[in-house]
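Residues per chain are reported as follows:
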Amino acid sequence: MTDDTIDPVEGAPENGAQPGSWSVRIIDLSGSSEGEDDTVEVVKDFIDLMHANAYARAYVRDSIERCRTPGASSKEVLENWFAFGENAEVVDAGEDGWKSSTELEDFAASRATPMERDWRTIDPRRLVDEEEINGPPDDEDDEDDEDRHEVIRH
C-alpha cells in the first residue's frame, strides 16, 4: 500500500462517516416548531445505517398511530399525521435511508403492533454497555459483588 491510498474502515458508512455516527432527524409536521426548519431534535450515535433506519421507521409508525382516531379512514389518518405528527429521516443516508413516503399508505391502512411502534427500545440514547452500568471489571473477589444488581436485558 502506498502513502496516498487509504485503508477503508471495516463497517464504515458509505457517507464516509465512522461507525456510530448515523443520525435521525425528527421533524414536526404541524409547523408549530420554532425556527426556520421544523426539526424537533436530532438523535445521534446509531450503531449502523440499519439501526438508524429501524429507529426512523418505528418512530414514524408510532407517530401515525398516535394520530389515528377511532373509526378514521386511511385518508383521515394521513391527514391527521400531516397536521399533527412527526416524521423521521436518516441524515445523509441518500437512497439507502428509510423514507416514510414509501410506507405511509400501508401504515395508515393497518394498525401497528406494539413491537412495530417501539422506537424507545432501539433508541441509541438508551443503549448502554455493561461496564457503563457496573463500572470497570473487578479483578478482586470482594464481598461487594453480592450487592451488585443484575442487568436484565430485553
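Just so you know, these numbers come straight off a predicted model, no measurement behind them.

1. Brief notes about the packing of aromatic side chains
The description of two aromatic rings rests on the distance between their centres and on the angle between their planes. Summed over the entire model, instances satisfying the criterion amount to six aromatic pairs. With a centroid separation of 5.9 Å and an interplanar angle of 85°, the aromatic rings of Y55 and W119 are classed as edge-to-face. Here Y55 is found in helix α1 (residues 49–67), whereas its partner W119 is found in the loop between α4 (114–117) and α5 (130–134), with 64 residues between them in sequence. You can call W119 buried: its relative accessible area is 12%. These aromatic residues form a ring-pair network of at least three members: F46, Y55, Y59 and W119.

2. What about the nonpolar core?
Ranked by size, the top nonpolar core spans 25 residues in total, and within it V24, Y55, V60 and V90 carry the most contacts. Broken down by secondary-structure element, the contributors of at least two residues to this core are β1 (22–28), β2 (39–46), α1, α2 (74–84), β3 (86–90) and α3 (104–109). If you tally residues by element for this core, the top one is α1, at nine residues.

3. What to know about the confidence of the model for the protein chain
Chain-level pLDDT for the protein chain is 81 on average; 68% of the residues reach the 70-or-more range. In the model, residues 1–15 has pLDDT below 50 throughout and makes 13 contacts with residues more than four positions away in sequence or in other chains.

4. Focus: the pairing of β1
Across the seven residues that make up β1, a large majority, six, are buried. Where β1 meets β2, five bridges bridge the pair, whose relative direction is antiparallel. Across the sheet, R25 pairs through a bridge with V42, a residue of β2.

Rules behind the numbers
Residues numbered from 1 in each chain as written. Predicted model: local features only at pLDDT ≥ 70, side-chain atom pairs only at ≥ 80, totals over all residues. Heavy atoms only, no water. Phe/Tyr/Trp six-rings, centres within 6.5 Å; stacked < 30°, edge-to-face > 60°. Helix = DSSP H or I, 4+ residues; strand = E, 2+ residues; numbered from the N terminus. Buried < 20%, exposed > 50% of the residue type's maximum accessible area, 1.4 Å probe, protein only. Core = buried A, V, L, I, M, F, W, Y, C linked by side-chain atoms within 4.5 Å. pLDDT = per-residue confidence, 0-100. Contact = heavy atoms within 4.5 Å. Pairing = 2+ DSSP bridges.

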